[in-house]
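# Chain and residue survey
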Amino acid sequence: MTRPLLFLLCLLALLPYPASARLAGPPEVWQQPAEARDLAQIRRSGVLKVLVNQSRNSSGEIKGESVGVEYHRIRAFEQYLNRNARDGRDIKLKIIPRAKDQLLGALQRGEGDLVAPGELLTQGVGSNVSASAPLRKDVPLLLVSRHGQRRYQRLEQLSGRSIALPAGSAAFDALRKVNEKLAMRKLAPIVVEWVDPSLAVEDVLEMVQAGIFPLTAVEQPIAERWAKVMPKLRLDRHLVLDRQGDMTWFVRRDAPMLRASVDRFLADFRAPDDQDAAFLRVYRRLYKVHNPLARSERQRLERVRPVLQRYAEQHRFDWLSLAALAYKESSLNPAAKGASGATGLMQITPGAARSVGVGNIQNLDNNVQASAKYLAMLRRNYFSSAQLTERERMAFVLAAYNLGPQRVQGMRAEARRRGLNPNQWFFQVERIAAEQAGMGVVSYVNSVNKYQLAYERERYLLESAKKAGKASM
């Protein structure tokens, strides 16, 4: 080897690895995949492991009622396999929820046998994954906004506007193609706002309905389904980003018998006419987040901002977390009265206030102080683990504030028993909460989280008055 070439190789060895090599995630196509379980192995084990999108649109069970769009189909497939079992042994489903953008990686790693995403999902080039026969062909991706907002007639009018998308949204590739056409016309691109990972497609739709996000882009059947429980959504069917994607299930390429069974089942499956009856009954009154940044709401927030900031700083909270909780509890009304003696801005009960040594919660300062101290006590005594992210930690604290810490800890234990992540409230432990306690606490935590995210989008403006006040002193 020549000396210059050896020197060059040494320099290359000192360069940092690319980010994709350093970050944990789904395996690349060159990695050795896990051994596949085809239908024969699945029958012997008696368990079919189904990876589902953790979105409530795709999968979910509320007090024994299935509300996810894929649940009826998955259960019907279970029955189909058992009707055709030659040895008489039944197969049972094991539902494994994952974030949408992690589903195919988990399938390749052998964490599941089948992926049922309930949304458009694109397989990577060269992956060891095979799409089933289409559940629905040529699905339109259309824009969704709120009734009363500006109506666009052509995609070109979206130049320079922003569209909120959840992680893994199929609309991203479609928007990229639209932006290429806009660039050819020397127009500004459409800006994609990737939302917090605690939000699924239905959460983004709710925030669009509230006016927090101006626009999103969603598969038409998903938009039509959620518009039944979110009547303020406007589906702009004339603004279609793309209609070339098919909704499918996915299996490993090295599981041909399972793939053949899936295709035979899907060829004859027809969804029951009443499959959304439970969905409508459960969700009709739940998705009603408001915009906490409307003019009157901003004025109310400004009046209570100093006390929220004071006690948030004392107890190491983001003041916007307390603001979001106050908006959910009382719409920022210090004189609000609630059930069971709950009172004031934070709707804390006298018993909870006494447990942290605060009295006279009719007083605004004491009310916020008691709530902040009680939240800090919950965080310290039950949710201090370093394994929790700050977003998840706050979610658990809020769930305990609403439901009681012992019940939430019991739900975490049940989640661990079922193979769910006990350190993730959103889409994991909340599944246990929905099954055991119903959607009340799930909706509560989700609403506060959305209000905080709405505030965070305008943190600079909300805090500018405080900065201006300090500058003038």
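Our next topic: the overall build of the protein chain. Within the protein chain, the regular secondary structure consists of 19 helices and 12 strands. In terms of overall size, the protein chain behaves like a compact globule, its C-alpha atoms giving a radius of gyration of 25 Å where 473 residues would be expected to give roughly 23 Å. With respect to the three principal axes, the spread of C-alpha positions in the protein chain is 70 × 65 × 60 Å. Going through the 473 residues of the protein chain one by one, you find that 51% of them count as buried.

Before going further, it helps to spend a moment on the packing of helix α15 (residues 390-403) against helix α18 (residues 439-457). Contact pair α15 / α18: the axes reach a minimum separation of 9 Å and the direction vectors enclose 135 degrees. The pairing of α15 with α18 is recorded here as oblique in orientation. Along this stretch, α15 crosses α18, giving a crossing that reads as right-handed. Where α15 approaches α18, its residues R391, A395, L398, A399, Y401, N402 and L403 are matched on the opposing element by V441, Y444, V445, V448, N449, Q452, L453 and E456. A class-by-class count of the residues in the contact of α15 with α18 yields 10 nonpolar, 3 polar and 2 charged.

With that settled, consider the pairing of strand β1 (residues 47-53). Burial analysis of β1 places 6 of its 7 residues in the buried class, the great majority of the element. Taken together, the 7 bridges between β1 and strand β4 (residues 92-98) define a ladder with parallel strand orientation. Considered in β4, the bridge of V52 is made with P97.

For N367, the location among the structural elements is in helix α14 (residues 364-382). In this structure N367 comes out as buried when scored by relative accessible area, which is 1%. Of the polar contacts made by the side chain of N367, one reaches the backbone oxygen of I361; its length is 3.0 Å. Once residues within four sequence positions are removed from consideration, N367 is found in contact with T343, G344, L345, M346, Q347, I348 and I361.

Our next topic: the packing of aromatic side chains. Applying the stated rule across the entire model yields 17 aromatic pairs. Pairing F77 with Y80 gives two aromatic rings, centres 6.2 Å apart and planes at 15 degrees, and the pair type is stacked. With F77 and Y80 both in helix α4 (residues 71-83), this residue pair falls 3 residues apart, about one helical turn. Judged by centre distance (5.3 Å) and plane angle (40 degrees), the ring pair of F265 and F269 falls under tilted. The residues F265 and F269 share a single accessibility class, namely buried.

It is worth spelling out a positive patch on the surface at this point. A contiguous patch of positive charge on the surface is contributed by K232, R284, R285 and K288. Among the residues examined, K288 registers a relative accessible area of 52% and is labelled exposed.

A few words on helix α17 (residues 425-437). The end-to-end C-alpha distance of α17, which contains 13 residues, comes to just 14 Å, noticeably less than the 18 Å that a straight helix rising 1.5 Å per residue would cover. At R431, α17 shows its maximal bend, which comes to roughly 35 degrees. Within α17, 10 of the 13 residues are buried, which leaves the element mostly enclosed by the surrounding structure. Among all positions of α17, only W425, F426, F427, Q428, V429, E430, R431, I432, A433 and A434 are buried. Downstream of α17 by a residue or two, G438 has a phi angle that is positive, lying close to 90 degrees.

Turning our attention to the confidence of the model for the protein chain. Residues at a pLDDT of 70 or more form 90% of the protein chain, whose mean pLDDT is 88. Long-range and interchain partners of residues 1-32, a stretch whose pLDDT sits below 50, account for 13 contacts in this model, where long-range means more than four residues apart.

Moving on, we come to the pairing of strand β9 (residues 191-194). Pairing of strand β8 (residues 162-165) with β9, which is carried by 4 bridges, proceeds in the parallel orientation. Note that in β9 the partner of S162 across the bridge is V191. Handedness of the crossover joining β8 and β9 through helix α6 (residues 171-184): right-handed.

A few words now on helix α11 (residues 295-314). Its 20 residues give α11 an end-to-end C-alpha distance of 29 Å, which sits within 8% of 28 Å, the value for a rise of 1.5 Å per residue. Residue V304 marks the point of greatest curvature in α11, where the axis turns by about 50 degrees; the proline P306 follows within four residues. Residues E297, L301, V304, R305, V307, L308, Q309, Y311 and A312 constitute the buried set of α11. Looking one or two residues beyond α11, the residue adopting positive phi is R316, at roughly 60 degrees.

So, about the pattern of salt bridges. Counted under the stated rule, the structure contains 35 salt bridges. Residues E414 and R417 are paired through a salt bridge, measuring 2.7 Å at the closest nitrogen-oxygen approach. Taken together, the residues E414 and R417, both in helix α16 (residues 405-417) and 3 residues apart, mark about one turn of the helix. On the accessibility criterion, E414 (16% relative accessible area) is buried.

Next up on the list: the environment of R412. Tracing the backbone shows R412 in helix α16. For the pair R412 and R305, spaced 107 residues apart in sequence, the C-alpha separation works out to 34 Å.

Along the polypeptide, D276 turns up in the loop between α9 (256-268) and α10 (277-283). Once you skip the residues sitting within four places of it in the chain, D276 turns out to touch R225 and K228.

The next point concerns the environment of V229. Mapped onto the elements, V229 comes out in the loop between α8 (220-227) and β11 (233-247). We classify V229 as buried; its relative accessible area is 3%. Distance in space between the C-alpha atoms of V229 and I96 is 26 Å, their sequence separation being 133 residues. The residues contacting V229, other than those within four sequence positions of it, are F279, L280, Y283 and R284.

Analysis parameters
Positions within a chain are numbered from 1, following the residues in the order the chain's sequence is written. In view of the model being predicted, local features appear only for residues whose pLDDT reaches at least 70, and side-chain atom pairs are presented and counted only at 80 or more, with totals across whole chains, interfaces and linings using the full set of residues. Computation of side-chain values covers all heavy atoms of the structure but excludes hydrogens and water. Starting at the N terminus, helices and strands are each numbered in turn, a helix being any DSSP run of H or I of at least four residues and a strand any DSSP run of E of at least two. Throughout, radius of gyration means the C-alpha value; the globule benchmark is 2.2 Å times the number of residues raised to the power 0.38. Only protein chains enter the calculation, and the probe is 1.4 Å; a residue is then buried if its accessible area is under 20% of its type maximum, exposed if over 50%, and partly exposed in between. With axes taken as lines fitted to C-alpha atoms, and helix axes fitted only over the stretch in contact, angles between N-to-C directions fall between 0 and 180 degrees. Throughout this description, any angle smaller than 35 degrees is read as roughly parallel, any larger than 145 degrees as roughly antiparallel, any in the 65 to 115 degree range as roughly perpendicular, and the remainder as oblique. We call a crossing left-handed when the near helix sits turned anticlockwise from the far one by less than a right angle, and right-handed when that turn is clockwise. When checking whether two residues touch, look at their non-hydrogen atoms; a contact exists if any pair is within 4.5 Å. Residue classes follow a fixed rule: Ala, Val, Leu, Ile, Met, Phe, Trp, Tyr, Cys and Pro count as nonpolar, while Asp, Glu, Lys and Arg count as charged, and any other residue, Gly among them, counts as polar. Two strands qualify as a pair provided DSSP detects at least 2 bridges between them. Polar contact criterion, stated in full: a pair of N or O atoms within 3.5 Å, where within protein one must be able to donate a hydrogen and the other to accept it, and residues adjacent in sequence count only if both atoms are side-chain atoms. Here a Phe, Tyr or Trp ring, Trp counted by its six-membered ring, pairs with any other such ring whose centre lies within 6.5 Å, and the pair is stacked when the planes are under 30 degrees apart, edge-to-face when over 60, and tilted otherwise. For patches, a residue must show more than 30% relative accessible area and have no salt bridge; joins then use 9 Å for like charges and 5 Å for nonpolar side chains, namely Val, Leu, Ile, Met, Phe, Trp and Tyr. To measure how exposed things are, a 1.4 Å probe is used in the Shrake-Rupley method; for residues, cover is taken only from the protein chains shown. Between Lys or Arg on one side and Asp or Glu on the other, a salt bridge is scored when a side-chain nitrogen of the former is within 4 Å of a carboxyl oxygen of the latter. Only four residue types enter the tally: Lys and Arg on the positive side, Asp and Glu on the negative side, with His and both chain ends excluded. For this purpose, a charge sits on NZ of Lys, CZ of Arg, CG of Asp or CD of Glu. For a helix, the expected span equals 1.5 Å multiplied by the residue count minus one. Two axes define the bend at a residue: one fitted to the seven residues ending there, one fitted to the seven starting there, and the bend is the angle between them. A residue's pLDDT is the confidence the predictor assigns to it, expressed on a 0 to 100 scale. Orient the strands so they point away from the viewer, and a crossover whose first-strand-to-second-strand path over the helix runs clockwise is right-handed.

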